[in-house]
Amino acid sequence: MPSPAERAPATRVPTIIVHGGAGADPSESHEFRPGMRAAALAGWRVLSAGGAALDAVESAVRVLEDDPRFNAGRGSVLTRDGTVELDASIMEGDRLQCGAVAAVTRVANPVTLARRVLETRRHVLLVGDGAVAFARSVGIPECDPASLVTDRQRQRHAERAARSAALGGTVGAVALDRNGTVAAATSTGGTAGQLPGRVGDSALIGCGTYADSSIGGVSCTGDGEAIIRVVFGCRALHYLKDADDPDYAAKVAVDLLVEEGRGHGGLIVIDWRGRAGYATSTPLMPVAIMSPTLAEPRTLF
Ligand code: ASP
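Residues numbered from 1 in each chain as written. Predicted model: local features only at pLDDT ≥ 70, side-chain atom pairs only at ≥ 80, totals over all residues. Heavy atoms only, no water.

Focus on the confidence of the model for the protein chain
Right, so step 1: Across the protein chain, pLDDT averages 93, with 94% of residues at or above 70.
Right, so step 2: The model gives residues 161-167 a pLDDT under 50, and that stretch makes 9 contacts with residues more than four places away or in other chains. (pLDDT = per-residue confidence, 0-100. Contact = heavy atoms within 4.5 Å.)

Some remarks on the site of the ligand
Right, so step 1: Neighbouring the ligand are 11 residues, the closest being Thr170, Arg198, Asp201, Thr221 and Gly222.
Right, so step 2: Measuring from a nitrogen atom of the ligand, one finds a side-chain N or O atom of aspartate 201 at 2.6 Å.
Right, so step 3: Contact between the ligand and glycine 224: an oxygen atom at 3.1 Å from a main-chain N or O atom of the residue.
Right, so step 4: Relative to its unbound accessible area of 270 Å², the ligand is 100% covered by the protein chains.
Right, so step 5: Each residue belonging to the shell around the ligand can be placed in one class, and the counts come to 1 nonpolar, 8 polar and 2 charged. (Near = heavy atom within 4 Å. Polar contact = N/O pair within 3.5 Å; in protein donor to acceptor, adjacent residues only side chain to side chain. Areas by Shrake-Rupley, 256 points an atom, 1.4 Å probe, with all protein chains shown as cover. Nonpolar A, V, L, I, M, F, W, Y, C, P; charged D, E, K, R; others polar.)

Some words on the sheet that holds strand β9 (residues 265-271)
Right, so step 1: Within the open sheet, the 4 strands sit side by side as β7-β8-β9-β10. Their pairing is antiparallel. At either margin of the open sheet sits one strand with a lone partner, and together these are β7 (209-212) and β10 (276-280). When strand polarity is set aside, the average angle formed by the axes of neighbouring strands in this sheet is 10 degrees.
Right, so step 2: When β7 meets strand β8 (residues 216-222), the two strands line up antiparallel, connected through 4 bridges. Pairing of tyrosine 210 across the sheet is with valine 218, part of β8. (Pairing = 2+ DSSP bridges. Helix = DSSP H or I, 4+ residues; strand = E, 2+ residues; numbered from the N terminus. Axes fitted to C-alpha atoms, helices over the stretch in contact; angles between N-to-C directions.)

See the structure below:
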């Protein structure tokens, strides 16, 4: 664990890492690059201007929620009934402040709604109609639920009986800012064909998202039920604390997910020093990273 002196503000080198889902289709990998770069850049603009990690991860995730190629916001997979239900969570690791929403319709950027829940300092998780009513009360515009459904997902939904119900393209970001604060966020449309009302790990702090500025932060993706079973995000940070090696911790966490959780998935990690890591048990998990040593966001897939 770093001493307060080690975590002194001037010593931190800001970094951001983003992911585009452990279920992303490998045959479409080229399609994910522009969005991944744009998301890393959006978060980086915040960090490089001296902004907060929480703002950086929210900005990065919003870019991916707005990109219809990812399973978050517009473009999300459809439930069994052909509707979009969104989960998202966000966490700031200094005071362990967090907010989350689940099974939300009518909101195009659920990560921002999760951020507003965090800002209440009163609640952590709001769901369904209550979350939409809260969005209205804090001035987040409501959208027509049909505007979140893309032709591509409508077609996939129609074909679903013939295909396996592929997971696809959940999004997330983890960042460290100049002040040494770590933040993480995750957003998803869930799993294709899920029962209406199903909530996955992405809305659950400790499962899909976790941040503790004295250790690091994590955003997870994959089989939500398996991730929940092993409390994946929290366990990954425990490994990070013990191993002090983000890539190794991510790999051990994925082994745990496969062996104990009996599911597949991946995660991105940043430690308190700003070192990034990632791992997945799936064929593809789009990842991009940006830090001061890079001229532009680097994609790692
Ligand atoms: N973890 C998400 C969920 O189960 C899906 C994913 O990451 O692909 O809702």
